[in-house]
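Read off the chains here:
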Amino acid sequence: GKQWYQRRVRARPRRTVLEVLADFHSVRNNLDIRYLFHLIPLIRPRGFSIASSQCTKKDSLEICMAVVRFKTIMKKDRIGLCSNYLANLPLDSPVKLFIETGSFKFPTDRPIIMVGPGTGCAPFRSLIQSRAGSPQKLILFFGCRSAEHDYFFKSEWEKIDNLQVITAFSRDQERKIYVQHRIVEHGAMVWGALVNGAVCCVAGNSKNMPFQVKEAFKTVCRNQGGLTKEDSEKYIDLLIKNRLYQTETWYFCSILSLIFLHHAL
């Protein structure tokens, strides 16, 4: 019973309450509707990184959001509740929100290496806007599927002198290229920044990316710094302990598109 339940109900993709009730007629026929509403959890708040700086936009904010809309392997439609709600709002509609402090701590006196594929670039765009033109060296590894369709900030970032953007467009060539590949390819530059006290900040999808990016940094430590496998792991662990390697990641499903929403505060 329990193993079958795990395979049938909790397996990816998880079934909705309605789909479970449709499969289990005996439960549906004997379930008190009042009890059903006690089982359904409240809708939780959705968190989005602010993708703009008050240095450039004093009375508004922007977010970089993935609109979640896809079909499961069983051909069932799935949509993201909050992302589709926001995407379908008429222009200038009021939105209730609250602001929380993010986990990143960005220094002002040392280089910053940012790794932000997809919507993971959101907190870094805010930082870049606030530090544009400063003496601080900013390095961004940005990845998306297509340069033509997904590289929304290209013209904006090209104008910033103290920013170096290294891109990875996974679908623009036969071999898929991701940010972790670019980190290794630019290992000499990355290692030089680390030696000079750079802070590494990683944001984006938490499914596989954070682990793969961390492994890429370990590879750089071995290839460029001459560290052993064990020492490279200790080195990255030490960076994490000293807040010189920070992550802010989340999980989301398939991305159809990235959009921007502008709402006055």
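Because the structure is a prediction, the values reported are computed rather than measured.

Caption draft 1: Structural detail: the overall build of the chain. Each helix and strand counted, the chain has 12 helices and eight strands in total. For the chain, the proportion of its 265 residues judged to be buried stands at 40%. Restricting to contacts in the chain with at least 6 residues of sequence separation, those with at least 24 account for 70%. Accessible surface for the chain amounts to roughly 16400 Å². Of this, 54% is attributable to carbon and sulfur atoms.

Caption draft 2: Focus on the pattern of salt bridges. Going through the model one piece at a time under the given rule, you end up with 10 salt bridges. Residue arginine 110 pairs with aspartate 109 through a salt bridge whose shortest N-O separation is 3.9 Å. With a relative accessible area of 63%, aspartate 109 lands in the exposed category. Taking the shortest distance from any N to any O, the salt bridge between lysine 234 and glutamate 230 comes out at 3.4 Å. Taken together, the residues span about one helical turn, with lysine 234 and glutamate 230 both in helix α12 (residues 229–241) at a distance of four residues. When salt bridges that share partners are traced, they join Lys57, Glu62, Arg125 and Glu156 into one network.

Caption draft 3: Seen up close, the nonpolar core. If you look at the biggest cluster of nonpolar residues, it comprises 49 residues, and the most contacted ones within it are Ile113, Met114, Phe141, Trp157, Ile183, Val213 and Phe217. Residues in contact with methionine 114, not counting those within four places in the same chain, are Phe124, Leu127, Ile128, Leu138, Ile139, Leu140, Phe141, Leu163 and Cys201. Ranked by size, the runner-up nonpolar core spans six residues in total, among them Leu61, Ile63, Met65 and Leu86.

Caption draft 4: Highlighting a nonpolar patch on the surface. A grouping of Val17, Ile33, Tyr35, Phe37, Leu39 and Ile40 is seen on the molecular surface, where their side chains present a nonpolar patch of about 620 Å² in accessible area. Top element by residues in the nonpolar patch is helix α4 (residues 33–39). It accounts for four residues. Looking at the element boundaries, valine 17 is found in helix α2 (residues 17–23).

Caption draft 5: Examining helix α6 (residues 122–131) more closely. Counting buried positions along α6 gives nine out of 10 residues, so the element sits mostly inside the fold. Looking at α6, one finds that the buried residues are Ala122, Pro123, Phe124, Arg125, Ser126, Leu127, Ile128, Gln129 and Arg131. Summarising the contacts, the buried residues of α6 are in contact with β1 (60–71), β3 (112–115), β4 (138–144), α8 (154–158), β5 (163–169) and β6 (199–205). After α6 finishes, the residue glycine 133 shows a positive phi value of roughly 85°.

Thresholds, definitions, all that
- Residues numbered from 1 in each chain as written.
- Predicted model: local features only at pLDDT ≥ 70, side-chain atom pairs only at ≥ 80, totals over all residues.
- Heavy atoms only, no water.
- Helix = DSSP H or I, 4+ residues; strand = E, 2+ residues; numbered from the N terminus.
- Buried < 20%, exposed > 50% of the residue type's maximum accessible area, 1.4 Å probe, protein only.
- Contact = heavy atoms within 4.5 Å.
- Areas by Shrake-Rupley, 256 points an atom, 1.4 Å probe, with all protein chains shown as cover.
- Salt bridge = Lys/Arg side-chain N within 4 Å of Asp/Glu carboxyl O.
- Core = buried A, V, L, I, M, F, W, Y, C linked by side-chain atoms within 4.5 Å.
- Patch = residues over 30% accessible without salt bridge, like charges linked within 9 Å, V, L, I, M, F, W, Y side chains within 5 Å.

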